[in-house]
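Overview (structure and organization)
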Amino acid sequence: MEARQQGGSAIQATSRGGHTSLHTVKPLGRTLFNRVFATIYAFSILALLFYHAKTLFYSTTLVSFSVTLALLISDLVLAFFWVSTQTFRMFPVYRKQFPENLKKIMERSDFPALDVFICTADPYKEPPISVVNTALSVMAYDYPTEKISVYVSDDGGSALTLFAFMEASKFATHWLPFCKKNNILERSPEAYFELNHSCTSEAVNIKMIYESMKVKVERVLERGKVDDENITSGQEREAFDKWADSFTRQDHPAVIQVLLDATKDKDIAGYSMPNLIYVSREKNKASPHHFKAGALNALLRVSGCMTNAPIILTLDCDSCSNDPETPLRAMCYLGDPETRPQLAYVQFPQIFRGINKSDIYNAEFKRLYQINVMGFDGLSGPNYLGTGCFFQRRAFYGSPSSLASPEIPELAPDYIVDKPIQSQSVLALAHQVTSCTYESRSNWGSKIGFRYGSLSEDYHTGFRMQCEGWKSIFCDPDRPAFLGDVPITLNDALNQQKRWSIGLLEVGFSKYSPATFGVKAIGLLMGLAYAQSAFWAMWSIPITTYAFLPQLALLNKVYIFPKVSEPWFFLYAFLFLGAYGQDFLDFILAGGSIQRWWSDQRFWIIRGISSYVFGSVEFFLKFLGISSFGFNVTSKVVDNEQSKRYGQGIFEFGVNSPMFVTLTMAAIINLISFSQGLVEVFRGNNLEGLFVQMFISGFAVVNSWPIYEAIAWRKDKGKMPIKTSIIATLLAGTLYTASCFVFM
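By the naming in an unreviewed UniProt entry, the chain is Cellulose synthase-like protein G3, taken from Populus euphratica. If you open the UniProt record of the chain and go to Function (unreviewed entry), you find "Thought to be a Golgi-localized beta-glycan synthase that polymerize the backbones of noncellulosic polysaccharides (hemicelluloses) of plant cell wall."

Laid out in structure tokens, this is it:
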């Protein structure tokens, strides 16, 4: 990667007299090129807007005026996104950490305590065994075990999840000493046993214990209930008897279960275990629960009562640790007196396992999770990505210079817990702060904790923290710190994107909009950087316009772009090649492949005419008070046939989805348009006037090839549903008929 090979002089962070380096930072080598190219490209955009304005002014018919206006609006949106993208290219940096130097400046006994938050919501979409692997991987960190507390939030209130963690707490007594004794890197059991085939008696025994636990958990999940035969101790039976009624009601009280206590529980080698606490907050229909942000705030309060560690790690339920030294890397910044006072969090990139060779659904998100974040890091720091993030607890309580005091002293970030976590008073307080009404008339979600008002609570929370004066740091080590799972069906991938789009628009059109509030609070560059994400769904305007308008015009023999022989054509060519060329360069220099870059740009188009469109519509319907939306958990369940097709790089349709209808409509219109253009060329019509529209149609046809396969040739269960194909064909025909009247 270029970031690891180029750059200027390192800025060395030091401590204790400047003798020990904990981290360095270097600017990327292509920064100067980015700035020069941005200047040239900006003048080209202005020239294009001038061309549209001139054409609009001299329009003689309503049709030409309308077409030019549509193109002008689309290109203005594209110009906005291009300008906001340049903020990531102005000061991108790469950082390196030296965790081995920590021991030179502090004793392990002086390391701060660490609270880990893991959220899950549905045992059938987020299999408990996957959540268990995530928890076990961080419980086994190369960090003082007695200082680690893992809190699992189960917003589904499922006895199945609690049972899985009861089993995990027993397996952990074998797994943790095994990892540390053998210096295991993959401390997720599932990952370790998939990648390693050690034949030692110890490894074989550990695998047998793990498989036994896994079978029990999966059998219980299959049955949908926990039977007496699954309960192996009086303690487990007591816990289930106590909470059985809670788990059978849709409106249920809080369930808090201490599964491991660091002051009491030991592993098989006689060493202390980390704390492991299961939390299912109280929920009822009458009180808003604010989705994942509400669950995280409940964990923030419960952990404050029980352990109140100064450092908090947030993880998705499938984000397993891939490097036991990760908290030490975070401590290189959180433990540095020069960076700590204004440092809210250290963000690690989201990296995923199991992505197929060509990454057909752009699950890697290299731009979102790496390229853009390095650009953010050169300004005031990266945005919060929702997982793999180490926070200072203090950052959830107001600005660096002004503490937002909670309503009770036990929730203050500097509160010292001096009672056992299983004491009656501590557990009573923990139940109190997870009640549905606890947050009423308080600052939780507005000035304290994770912020409410958006389905994208991670984006909103990080943005608001930076507006308060906090900084952040992006930590991207050579060995990925965490590995997550990706959607393996197109429907899941698009629904995830739709949910993100809605959540981002909620921030973009709120009083905390990055375009207004953000620019004032954190400056123009950071405001624009955040604004690009907030208005992400507006990509649908130019993408949808260019997916249909030039094609319908071509079908009606109306040519709306300059001829190849005209000077303005070369402006279009430069803008297209320049944008795609720089995007390609960014992607490749960030370690991407040509094949994955093609998938990245193709999926950008797919999102633009599906999830972005439907996300925008749903948001504005809610904004106008016409309808509401909820939070749909992305399924982590793997179907064998779907997994096989995904591994082969075959798109998965298979279900009737409105988003597939718009995709199919665009594919049909573009294919017919391109075919019509070829017919016109064969008839001897001048290609010069047709070329740009034919190129756009041809480009779309190439990108739509998986759709044509799914409609016409495939016989597997992942093919396009016949109902979707028929509806899309009828709508495409209706759209063409309407265009004939428009272009008359």
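Past the structure itself, the notes keep going.
Time to look at the overall build of the chain. Of the regular secondary structure elements, the chain holds 26 helices and 15 strands. Relative to its length of 744 residues, the chain is compact, with a C-alpha radius of gyration of 27 Å against a globular reference of 27 Å. Across its three principal directions, the C-alpha atoms of the chain cover 85 × 60 × 55 Å. The buried share among the 744 residues of the chain stands at 58%.

Moving on, we get to the UniProt feature "transmembrane region" (unreviewed entry) in the chain. When the UniProt feature table is mapped onto this chain numbering, "transmembrane region" (unreviewed entry) sits at residues 32-51, 57-83, 521-549, 569-591, 612-633, 653-675, 687-708 and 720-743. The distance from the first to the last C-alpha atom of residues 521-549 is 40 Å, and the span holds 79% helix and 0% strand. As annotated, residues 653-675 comprises 78% helix and 0% strand, and the C-alpha atoms at either end are separated by 25 Å.

Turning our eyes to something else, we now look at the sheet that holds strand β10 (residues 343-347). Taken in spatial order, the eight strands make up an open sheet running β6-β7-β5-β4-β8-β11-β10-β14, and their pairing is mixed. The open sheet is flanked by β6 (255-260) and β14 (471-474), the only strands paired with a single partner. With direction set aside, neighbouring strand axes in the sheet form an average angle of 20 degrees. Here helix α10 (residues 291-306) sits on the sheet and contacts β4 (114-120), β5 (148-154), β6, β7 (275-280) and β8 (311-316); the angle it forms with β4, its principal contact strand, is near 145 degrees.

With that settled, the discussion passes to a nonpolar patch on the surface. Residues Phe509, Val617, Phe620, Leu621, Phe623, Leu624 and Ile626 make up a contiguous nonpolar surface patch of about 680 Å² in total accessible area. Along the chain, the position of Phe623 falls in helix α21 (residues 611-623).

This brings us to the environment of Pro514. For Pro514, the position within the fold is in helix α16 (residues 514-522). A relative accessible area of 0% places Pro514 in the buried class. For Pro514, the contacting residues outside a window of four places in its chain are Tyr459, Phe463, Val507, Gly508, Val519, Gly527, Tyr530, Ala531 and Ala534.

Our focus in this paragraph is the pattern of salt bridges. Following the criterion strictly, the structure yields 28 salt bridges and no others. Arg301 is the salt-bridge partner of Glu439, the closest N and O atoms lying 2.7 Å from each other. With Glu439 in the loop between α13 (424-432) and α14 (457-467) and Arg301 in helix α10, this pair connects stretches of sequence that are 138 residues apart. Both residues of the pair, Glu439 and Arg301, count as buried. Among the salt bridges present, the one from Arg645 reaches Asp716, with a minimum N-O distance of 3.8 Å. Here the residue Arg645 occupies a position in helix α22 (residues 640-647), and Asp716 occupies one in the loop between α25 (705-712) and α26 (722-742), the gap between them amounting to 71 residues.

A word on the packing of helix α18 (residues 540-555) against helix α20 (residues 594-608). Two elements in contact, α18 and α20, have axes separated by 8 Å at closest approach and are oriented at 95 degrees. The pairing of α18 with α20 is recorded here as roughly perpendicular in orientation. For the pair formed by α18 and α20, the contact residues are Ser540, Ile543 and Thr544 on the first element and Trp604, Ile605 and Gly608 on the second. Residue composition of the contact of α18 with α20, by class: three nonpolar, three polar and no charged.

Across soluble globular proteins, you tend to see nonpolar side chains buried next to one another. Among the nonpolar cores identified, the biggest contains 133 residues, and Met306 and Leu490 are the most heavily contacted of them. The greatest single-element share of this core, amounting to nine residues, is contributed by helix α23 (residues 658-682). Not counting residues up to four positions away in its chain, the partners in contact with Leu490 are Tyr361, Phe603, Phe651, Glu652, Phe653, Phe660 and Leu663. Counting 68 residues, the second largest nonpolar core, distinct from the first, contains Met166, Ile184, Ala330 and Tyr333.

Our next topic: the UniProt feature "binding site: UDP-alpha-D-glucose" (unreviewed entry) in the chain. Mapped onto the present numbering, the UniProt feature "binding site: UDP-alpha-D-glucose" (unreviewed entry) falls at Lys125, Glu126 and Asp155. On the basis of their most widely separated C-alpha atoms, the annotated residues across 31 residues gather in one place, lying no more than 12.6 Å apart. With respect to the helices and strands, Glu126 occurs in the loop between β4 and α5 (128-139). A relative accessible area of 8% places Glu126 in the buried class. Along the polypeptide, Asp155 turns up in the loop between β5 and α6 (159-182). The contact partners of Asp155, leaving out residues within four places of it in the chain, are Thr120, Ala121, Arg281, Lys283, Phe291 and Ala295.

Bringing α26 into the picture now. Given a rise of 1.5 Å per residue, 21 residues ought to cover 30 Å, and the 30 Å separating the end C-alpha atoms of α26 matches this to within 8%. Residues Thr724, Ser725, Ala728, Ala732 and Ser739 constitute the buried set of α26. The arc that holds every buried residue of α26, seen down its axis, measures 90 degrees, which confines them to one face. Exposed residues on α26 whose side chains face more than 90 degrees from its buried face are Ile722, Lys723, Leu730, Thr734 and Phe741.

Within strand β2 (residues 20-27), six of the eight residues are buried, which leaves it mostly tucked inside the rest of the structure. Alignment of β2 against strand β3 (residues 93-97), held across five bridges, turns out to be antiparallel. When the sheet's bridge partners are listed, Val25 is paired in β3 with Arg95.

Another aspect to go through is the environment of Gln595. In this fold, Gln595 is placed in helix α20. Along the backbone, Gln595 and Asp359 are 236 residues apart, and their C-alpha atoms lie at a distance of 8.2 Å. Not counting residues within four places of it along the chain, the set of residues in contact with Gln595 comprises Lys357 and Ser358.

Turning our attention to helix α8 (residues 201-223). With 23 residues, α8 extends 33 Å between its outermost C-alpha atoms, agreeing within 8% with the 33 Å of an ideal straight helix rising 1.5 Å per residue. Considered for burial, the residues of α8 that qualify are Ala203, Ile206, Tyr210, Met213, Lys214, Lys216, Val217, Val220 and Leu221. Elements that come into contact with the buried residues of α8 comprise α5, α6 and α7 (189-195). Positive backbone phi, at 80 degrees, marks Gly224, one or two positions downstream of α8.

Bringing the packing of aromatic side chains into the picture now. Enumeration over the complete set of coordinates arrives at 70 aromatic pairs. An aromatic cluster is defined as three or more aromatic residues linked by ring pairs; in this entry it consists of Phe569, Phe570, Phe576, Tyr580, Phe584, Trp597, Trp598, Phe691, Phe695 and Phe699. The cationic tip of Arg301 hangs over the ring face of Trp444; the distance from NZ or CZ to the ring centre is 4.9 Å. In this structure, Arg464 is placed above the aromatic ring of Tyr512, and the distance from its NZ or CZ to the ring centre is 3.7 Å.

It is worth spelling out the environment of Phe80 at this point. On the secondary structure map, Phe80 appears in helix α3 (residues 62-90). Of the residues examined, Phe80 reaches a relative accessible area of 28% and is grouped as partly exposed. As for Phe80 and Ile543, which are separated by 463 residues in sequence, their C-alpha atoms are 14 Å apart. If we skip the residues at most four places from it in the chain, Phe80 touches Leu528, Ala531 and Phe535.

For the pair α23 and α26, interaxial distance at closest approach is 8 Å and the crossing angle is 55 degrees. In terms of orientation, α23 and α26 fall into the oblique class. Helix-helix and strand crossings are classified by hand; for α23 and α26 the assignment is right-handed. Residue-level contacts link Phe660, Val661, Thr664, Met665, Ile668 and Ile669 of α23 to Thr724, Ile727, Ala728, Thr729, Leu731, Ala732 and Leu735 of α26. Of the residues that constitute the contact of α23 with α26, the class distribution is ten nonpolar, three polar and no charged.

Rules and cut-offs
- Residues numbered from 1 in each chain as written.
- Predicted model: local features only at pLDDT ≥ 70, side-chain atom pairs only at ≥ 80, totals over all residues.
- Heavy atoms only, no water.
- UniProt positions renumbered as here; feature names shortened; annotations may be inferred.
- Helix = DSSP H or I, 4+ residues; strand = E, 2+ residues; numbered from the N terminus.
- Rg over C-alpha atoms; globule rule 2.2 N^0.38 Å.
- Buried < 20%, exposed > 50% of the residue type's maximum accessible area, 1.4 Å probe, protein only.
- Pairing = 2+ DSSP bridges.
- Axes fitted to C-alpha atoms, helices over the stretch in contact; angles between N-to-C directions.
- Contact = heavy atoms within 4.5 Å.
- Patch = residues over 30% accessible without salt bridge, like charges linked within 9 Å, V, L, I, M, F, W, Y side chains within 5 Å.
- Areas by Shrake-Rupley, 256 points an atom, 1.4 Å probe, with all protein chains shown as cover.
- Salt bridge = Lys/Arg side-chain N within 4 Å of Asp/Glu carboxyl O.
- Parallel < 35°, antiparallel > 145°, perpendicular 65-115°, else oblique.
- Nonpolar A, V, L, I, M, F, W, Y, C, P; charged D, E, K, R; others polar.
- Core = buried A, V, L, I, M, F, W, Y, C linked by side-chain atoms within 4.5 Å.
- Expected span 1.5 Å × (residues − 1).
- Arc of directions from axis to C-beta.
- Phe/Tyr/Trp six-rings, centres within 6.5 Å; stacked < 30°, edge-to-face > 60°.
- Lys NZ or Arg CZ within 6 Å of the ring centre and 35° of its normal.
- Left-handed = near helix turned anticlockwise from the far one by under 90°.

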